Amino acid sequence: MRNRVIICEASEIIANGLAEIIDSMAQFDVVARIESPEHLCEKITTSDANIVIINPVLLGFLNKEFLSQLCKEHHDIHLIAIATSYLDHNMLTPYSGIIEINDTRAKVISKMNEFTQSENTKKADDVELTKREIDVLVAVAKGMMNKEIADMMNLSIHTVISHRKNITRKTGIKSVSGLTVYALLNNLIDENINPT
Amino acid sequence: MVKKKALSKDSKLAELIAGDRRLLQLLPRFGIALGFGDRSIEEVCRMNNVSTELFLTICAIYTDNGYKPNRAEIKSIDLGGLLPYLKASHQYYLDERFPHLEEHLQRIIKASGAKYGPMLSHFYDEYKQEVMRHIKYYEEEVVFPYIEELRKGQRSNTYQINEFRHNHTNIQDTLDDMMNILLKYLPGDILPKERIEISLDIMELSDDLNRHSVIEDHILIPYVESLENALP
């Protein structure tokens, strides 16, 4: 699976440079660049990103609270810090990787690769859909939108999205129409329901 | 795998193709006629009025996995032939690949009976509409005419290539879904041979479409932006 990266960095020079290096890698696409973390959460949802590279300085004192909130809403998101100045060790604990401002291109590439490898091995274990995921799948197959599913199941919209990502990862099927066929083939929904 | 730097305009075209057979399908899209003998890539391109640089760059996208040309590389290429190339690719997908796929699929749908047939048929019809919306009603009827106007030095007030950047969805995902359904989820006794054959075709087409969108995202968009910026 390709990795979708959001870069959150105030300096255009740094953001563009980083984007250029990452975009040159086969398994990575930079899907968004933002200057401040204000709308980061929505951006992750709309661009379906799985990696956020962020300058911890942008978060200031909010650092930990903000990030733990973010991780709660997006379970599978991975945070990488871009360190442009000296950062207290404490500030860096929430991140799974750190890119330093004076890293060479090769170094950045090897860090990003190293990161995805541990990512892939972690994802290989669970394959069966959980009860919750089946409920979401059925709702998707019936043509419901994420918001409607969230309301019906009493979940946050981010949780619904995270379920949907897991469904896709486990079944190998991404599109709504494909998921509908999957649900029909597995007798999860009645074939008389017209998905449109 | 042939790396970009290993592609030289002085190599023989026949050698290039022997190195990666997928490149064969690019020839008709560039209008390069067969019977090119032992001529070099540059000679064959010149004979067929094709920019050698553009030809090699697109070959590299097909042979070198993950290669995305950067803006600096694009700048030095004569891109006059890009639009005709993309149109020829579209024509190949719409007139040859998808109908071929559909022919196979219809047989599978028939053999799937009343239980599975209609859902597969419905799935394919929806996908077909998605493909038509993407290639024909959007790229061919909105984006390309806009680019042709730009090339004539006229700027449209209503459209900008930035919209394309944001709207450029991929049509491979649903195709991959179709393959997964045919291989993994449809009961095993329904036309297994045909399903293996169609899956091989789908993998090839999906890979082709993937590289096609690299061309659109990393050559076409920067090219059109430079055209936009060149106008007052």
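Everything numeric here is computed off the predicted structure, so don't read it as measured data.

## Points about the overall build of chain B
Item 1. For chain B, the helix and strand inventory stands at 9 helices and 0 strands.
Item 2. Sequence-ordered secondary structure for chain B, helices as α and strands as β, is α-α-α-α-α-α-α-α-α.
Item 3. Seen along its three principal axes, the alpha-carbon backbone of chain B occupies a region of about 60 × 50 × 25 Å.
Item 4. Expressed as a percentage of its 232 residues, the buried residues of chain B come to 27%.
Item 5. Pairs at least 24 apart in sequence give 74% of the contacts found in chain B among residues at least 6 apart.

## Section: the overall build of chain A
Item 1. Counting its secondary structure elements, chain A contains 8 helices and 5 strands.
Item 2. Listing the helices and strands of chain A from first to last along the sequence gives β-α-β-α-β-α-β-β-α-α-α-α-α.
Item 3. A principal-axis box enclosing the C-alpha atoms of chain A has dimensions of 60 × 35 × 30 Å.
Item 4. Out of the 196 residues belonging to chain A, those deemed buried represent 30%.

## A few points about helix α4 (residues 52-63) of chain B
Item 1. End to end, α4(B) covers 16 Å across 12 residues, agreeing with the expected 16 Å (1.5 Å per residue, within 8%).
Item 2. Looking only at α4(B), the buried set comprises Leu54(B), Phe55(B), Leu56(B), Thr57(B), Ile58(B), Cys59(B), Ile61(B), Tyr62(B) and Thr63(B).

## Things to note about the domain arrangement of chain B
Residue and element names in this part refer to chain B.
Item 1. Per the domain assignment, the segments of chain B are domain 1 (4-67) and domain 2 (82-230).
Item 2. The partner domain 2 presents 8 residues to the 7 residues of domain 1 that form the contact.
Item 3. Those elements giving two or more residues to the side of domain 1 that touches domain 2 turn out to be α2 (26-30) and α4.
Item 4. Sorting elements by how many residues they give to the side of domain 1 that touches domain 2 places α4 first, with 4 residues.
Item 5. Split by residue class, the side of domain 1 that touches domain 2 holds 6 nonpolar, no polar and 1 charged.

## Remarks on the nonpolar core
Item 1. Membership of the largest hydrophobic core comes to 37 residues, with the highest contact counts inside it found for Val136(A), Leu137(A), Leu179(A), Val181(A), Leu120(B), Met178(B) and Ile202(B).
Item 2. Contributions of two or more residues to this core are made by α5 (131-141), α7 (157-171) and α8 (176-185) of chain A together with α6 (82-151), α8 (172-185) and α9 (192-230) of chain B.
Item 3. Among the elements that take part in this core, α6(B) stands out by supplying 11 residues, more than any other.
Item 4. Discounting chain neighbours no more than four positions away, the residues touching Ile202(B) are Leu101(B), Leu175(B), Met178(B) and Met179(B).
Item 5. Residues Leu16(B), Val50(B), Val143(B) and Leu220(B) belong to the second largest nonpolar core, which totals 30 residues.

## Some thoughts on unusual backbone geometry
Item 1. Even without a glycine there, the phi angle at Asn187(A) is positive, about 55 degrees.
Item 2. With respect to the secondary-structure elements, Asn187(A) resides in the segment after α8.
Item 3. Phi is positive for Asn49(B), close to 55 degrees, though the residue is something other than glycine.
Item 4. With respect to the element layout, Asn49(B) can be found in the loop between α3 (41-47) and α4.
Item 5. Taking the C-beta count within 10 Å as the criterion, Asn49(B) has 11 such neighbours and is therefore assigned exposed.

## Describing the packing of α5(A) against α8(A)
All names here are of chain A.
Item 1. It is the contact of α5 with α8, at a shortest axis distance of 8 Å, that shows an interaxial angle of 115 degrees. Judged by the twist between their axes, the crossing of α5 over α8 is left-handed. Across the interface between the two elements, Leu-137, Val-138, Val-140 and Ala-141 of α5 pack against Val-176, Leu-179, Thr-180 and Ala-183 of α8.

## Observations regarding the interface of chain B and chain A
Item 1. Contact with chain B, which involves 17 residues of that partner, is made by 15 residues of chain A.
Item 2. Elements with a contribution of two residues or more to the side of chain B that touches chain A: α6 and α8 of chain B.
Item 3. Sort the elements by how many residues they give to the side of chain B that touches chain A and α8(B) lands first, with 7 residues.

## Considerations on the domain arrangement of chain A
Residue and element names in this part refer to chain A.
Item 1. Examined at the domain level, chain A breaks down into domain 1 (3-123) and domain 2 (131-185).
Item 2. Spacing between the C-alpha centres of domain 1 and domain 2 amounts to 27 Å.
Item 3. With 6 residues of domain 1 in contact, the opposing surface of domain 2 contributes 6 residues.
Item 4. When its residues are assigned to classes, the side of domain 1 that touches domain 2 shows no nonpolar, 3 polar and 3 charged.

## Some words on the environment of Arg97(B)
Residues and elements named next belong to chain B.
Item 1. Mapping Arg-97 onto the fold places it in helix α6.
Item 2. By the C-beta count within 10 Å, which is 18 here, Arg-97 ends up partly exposed.
Item 3. Between the C-alpha atoms of Arg-97 and Ile-202, which are 105 residues apart in sequence, the distance is 9.2 Å.
Item 4. Apart from the residues within four sequence positions on either side, Arg-97 is in contact with Tyr-92 and Leu-205.

Definitions and cut-offs
- Residues numbered from 1 in each chain as written.
- Chains lettered and ligands numbered in written order.
- Predicted model: local features only at pLDDT ≥ 70, side-chain atom pairs only at ≥ 80, totals over all residues.
- Helix = DSSP H or I, 4+ residues; strand = E, 2+ residues; numbered from the N terminus.
- Buried ≥ 20, exposed ≤ 12 C-beta atoms within 10 Å, placed from the backbone.
- Contact = placed C-beta atoms within 7 Å.
- Expected span 1.5 Å × (residues − 1).
- Domains from an automatic or database assignment.
- Nonpolar A, V, L, I, M, F, W, Y, C, P; charged D, E, K, R; others polar.
- Core = buried A, V, L, I, M, F, W, Y, C linked by C-beta atoms within 7 Å.
- Axes fitted to C-alpha atoms, helices over the stretch in contact; angles between N-to-C directions.
- Left-handed = near helix turned anticlockwise from the far one by under 90°.

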